[in-house]
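Topology and contacts: notes
Each chain, letter by letter, is given below.
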Amino acid sequence: MKRIIYWGSALGLAAFLAACGGGDATLAGSVAPVGAPTTKASFSAVVSFGDSLSDVGTYAPATSMTGNGAAPYLGGKFTNNSATSKVWVENIAASLGVAITPAEMGFAGQSMPCPFVVNCTAYGQGGSRVTDPNGIGHSTGALTVPMKTQIANHLARFSSFKASDLIMVFGGANDVFTQFGGFVAAATQIQTDAATGKINAEQANLALFAAQSQAQSEMKKAALELAGYVRDQILAKGGKYVVVITLPDIADTPFGNSLPASVRPSLTDLSLVFNLWLRDGLSQQPLEIVDGFAMFKDLYANPAKYGITNNTVPACDATKIAAVTGGAVKDGSSLFCNSTAGAPFNAIRAGADVNTWAFADGVHPTTGGHKVISNAIAAQLKIFGWQ
Amino acid sequence: MKNKLIPLLLAAPLVLWAQGATAQVSTVKMGGAFIDVSSRTTGLVGIGVPSGSDIQVGDASTLTFGYEHKLSPTLSIELAAGIPPKHDTTATGPISFLHKVSSVKQFAPTLFLNYAFGSEGAALRPFVGIGVNYTKFVDIKSELGQKIELSDSVGLAVQAGVNYAIDKQWGLYAAFAMADVKSDMVATANTVQTTRIDFRPKVFSAGLSYKF
């Protein structure tokens, strides 16, 4: 009798084993959002949170031609600037028939909230990070209100989101630049130490691994924070039509291409880590994710498909920008790049075309580049059934 | 359960048990085993993992127990298990500077159907066996702060060995076994790293047996 019980349990065990075989280890970031609206919407506003890519003119006062912060402005957007030059957010808003203006304008301690009084719903600012108010350029005057505060500011004005708001969330690139800068500084020091014999090759590898892990860990943190803001401050506060755009591969920009080949993968990885955890944090949330990484990869790999003839050289000429700004801007930032034909302050490179060249400066798109982005996102809105 | 042989193997002892006519003798075994792991993986894949990076699972030793039940003069069924041994995992390829990256214990009960050669009273009886191995990975520890998951494995196992009877009760045994142990690994920290590990274990065991 005892033996029969024994065998019974042995076979039971075997049956149990058969049932559990195969495993189901879960992969972070692999569960898609679910439950976003599928119905057409009549949008009354585009509410945009982000950074320089979504900035519709926050820092225009810094480019004041009279030097006193007042119009006319030489630039103000991170693209080639002109009367007809628009960033992707403006193109989307225009296609929906709504106006969009900066939520705030200012520079160097000066700030004017809602300068155009209506539809001041473009919160993205050049240099803004996800959570850290000390964004890129903050120490030299840029406002860099982080996305966390951009969202809080919108809630402070309107108390909640509307079902007729098209909410676009596209940020994290300045966290990439910050972490990448930290990694490169650490890596340079490690290489110096290795070259001078202060540390051996294995110690150098371990130190590089630690520096890379640190940068990746910060990207994970920023992504999970952004996902948290989207869940708790947008979706939970009435946001219905919400699009989150993942980061592109910044290694594909002229800036990225200027880096040594050994370093570029680290830059790519930081976007990938951010996107992984952003997706993980937005798993099963009722919103849509636009795969910005794939979108920009395709643009980079197949420029002709998008009417782009040059995706490696900035259309703005750094020397001309330096001349126009009296030597004040030497880095070729498109914020100060004006493309008005025939104007004395035009800073477009000889032979460049702002409609067919993709980049205005090292990282920011031209008018044509922005058009490609807005076209791709508009196509997504149709796929979602929102348009 | 992709392997269609396994249900058959599981059913065979039952059938034999039902027929069960001959003298029924049980044997318990206790001994030591050395597990020579010749792991192969599909390569470590993940964000920031340099191409060619891999992991290798180390060998281990443990104490084993077995219960064998005789079904006929030549056939017996055996359940073998051991105290979960700890295997260290080391990084190889471009990430070899990381050295030991994790450790894992495996609990791997295996059910064999054995066939013994020679006549029933012989002191020395070689045997061969075929069966099913189940491996569960437990107590997985990462040196890099990763959460590591390894899927369970169910696969075929084979063994060959020899039993030596000292007297009517006591005996010695030695065996060599191999099993098909494959597991999907997911290691999560700042990124997600995955691979499929084919452990290809070769188990050498020897010890004392007692019949009752």
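It should be emphasised that the depicted structure is a prediction, and the values quoted were computed from it without experimental measurement.

1. Re the overall build of chain B
On a plain count of helices and strands, chain B comes out with one helix and 15 strands. The buried share of chain B, reckoned over its 212 residues, is 37%. Long-range pairs, those at least 24 residues apart, make up 66% of the contacts in chain B between residues at least 6 apart in sequence.

2. Comments concerning the nonpolar core
Core analysis: the largest hydrophobic core is formed by 135 residues, its most contacted members being V46, V89, I167, V230, V244 and F274 of chain A. Considering every element that reaches this core, the biggest residue donor is helix α5 (residues 201-234) of chain A, with ten residues.

3. Side note on the pairing of strand β15 (residues 201-211) of chain B
Residues and elements named next belong to chain B. As defined by bridge partners, strand β1 (residues 26-37) adjoins β15 across eleven bridges and the pair is classed as antiparallel. Looking at β15, one finds that I35 is bridged to V203. With nine bridges joining them, strand β12 (residues 170-179) and β15 adopt antiparallel strand pairing. The residue of β15 that forms the bridge with W170 is Y210.

4. Re helix α8 (residues 292-301) of chain A
Residues and elements named next belong to chain A. Turning to α8, its buried residues number three or more, namely G292, F296, L299 and Y300. All buried residues of α8 fall inside an arc of 100 degrees around its axis, so they share one side. On the buried face of α8, the contacting elements are β5 (241-245), β6 (288-290) and α10 (367-383).

5. Focus: the sheet that holds strand β1 (residues 45-50) of chain A
Residues and elements named next belong to chain A. Taken in spatial order, the four strands make up an open sheet running β1-β4-β5-β6, and their pairing is parallel. Only two strands of the sheet have a single partner each, and these edge strands are β1 and β6. Put simply, the sheet's adjacent strands are angled 20 degrees from each other on average, direction ignored. With six bridges connecting them, β1 and strand β4 (residues 165-170) associate as parallel partners. The partner of S48 across the bridge, within β4, is M168.

6. Quick look at helix α2 (residues 88-96) of chain A
All names here are of chain A. Restricting attention to buried positions, one finds in α2 the residues W88, V89, E90, I92 and A93. Looking at the packing, one finds that the buried side of α2 touches β1, β4 and α10. With its phi angle positive at about 75 degrees, G97 sits one or two positions after the end of α2.

7. Thoughts on the confidence of the model for chain A
In regions of low pLDDT, the predicted coordinates are not meant to be interpreted in detail. Residues at a pLDDT of 70 or more form 94% of chain A, whose mean pLDDT is 93. Across residues 1-25 of chain A, where pLDDT falls below 50, the model places 23 contacts with residues more than four positions away in sequence or in other chains.

8. Quick look at the sheet that holds strand β2 (residues 40-41) of chain B
Pairing is antiparallel across the open sheet formed by four strands, whose spatial order is β2-β14-β13-β10 (chain B). At either end of the open sheet lies a strand with only one pairing partner, and these are β2 and β10 (147-150) of chain B.

9. Some points on unusual backbone geometry
The residue after A71 of chain A, namely P72 of chain A, is reached through a cis peptide bond having omega 0 degrees. One non-glycine residue, H99 of chain B, adopts positive backbone phi at about 55 degrees. Residue H99 of chain B is classed as partly exposed on the basis of its 13 C-beta neighbours within 10 Å. A positive phi angle is found at R200 of chain B, which is not glycine, with a value near 45 degrees.

10. Focus on the pairing of β5 of chain A
All names here are of chain A. Most of β5 sits out of view: five of its five residues are buried. In this sheet, β5 lies alongside β4 in parallel orientation, the contact comprising four bridges. In the sheet register, L166 faces β5, and the bridge partner there is Y241. Direction of pairing for β5 relative to β6: parallel, over a ladder of three bridges. Bridge assignment links V243 to a residue of β6, and that residue is E288.

11. Considerations on the packing of helix α4 (residues 173-195) of chain A against α5 of chain A
Residues and elements named next belong to chain A. Put simply, α4 and α5 touch, their axes get as near as 10 Å, and they point 170 degrees apart. Taken as axis vectors, α4 and α5 run roughly antiparallel relative to one another. Each of D175, V176, Q179, F180, G182, F183, A186, A187, I190, D193 and A194 in α4 lies in contact with α5, whose residues at this interface are A201, A204, A207, L208, A211, Q212, A215, E218, M219 and A222. Of the residues assigned to the contact of α4 with α5, the class counts are 15 nonpolar, three polar and three charged.

Conventions adopted
Residues numbered from 1 in each chain as written. Chains lettered and ligands numbered in written order. Predicted model: local features only at pLDDT ≥ 70, side-chain atom pairs only at ≥ 80, totals over all residues. Helix = DSSP H or I, 4+ residues; strand = E, 2+ residues; numbered from the N terminus. Buried ≥ 20, exposed ≤ 12 C-beta atoms within 10 Å, placed from the backbone. Contact = placed C-beta atoms within 7 Å. Core = buried A, V, L, I, M, F, W, Y, C linked by C-beta atoms within 7 Å. Pairing = 2+ DSSP bridges. Arc of directions from axis to C-beta. Axes fitted to C-alpha atoms, helices over the stretch in contact; angles between N-to-C directions. pLDDT = per-residue confidence, 0-100. Parallel < 35°, antiparallel > 145°, perpendicular 65-115°, else oblique. Nonpolar A, V, L, I, M, F, W, Y, C, P; charged D, E, K, R; others polar.

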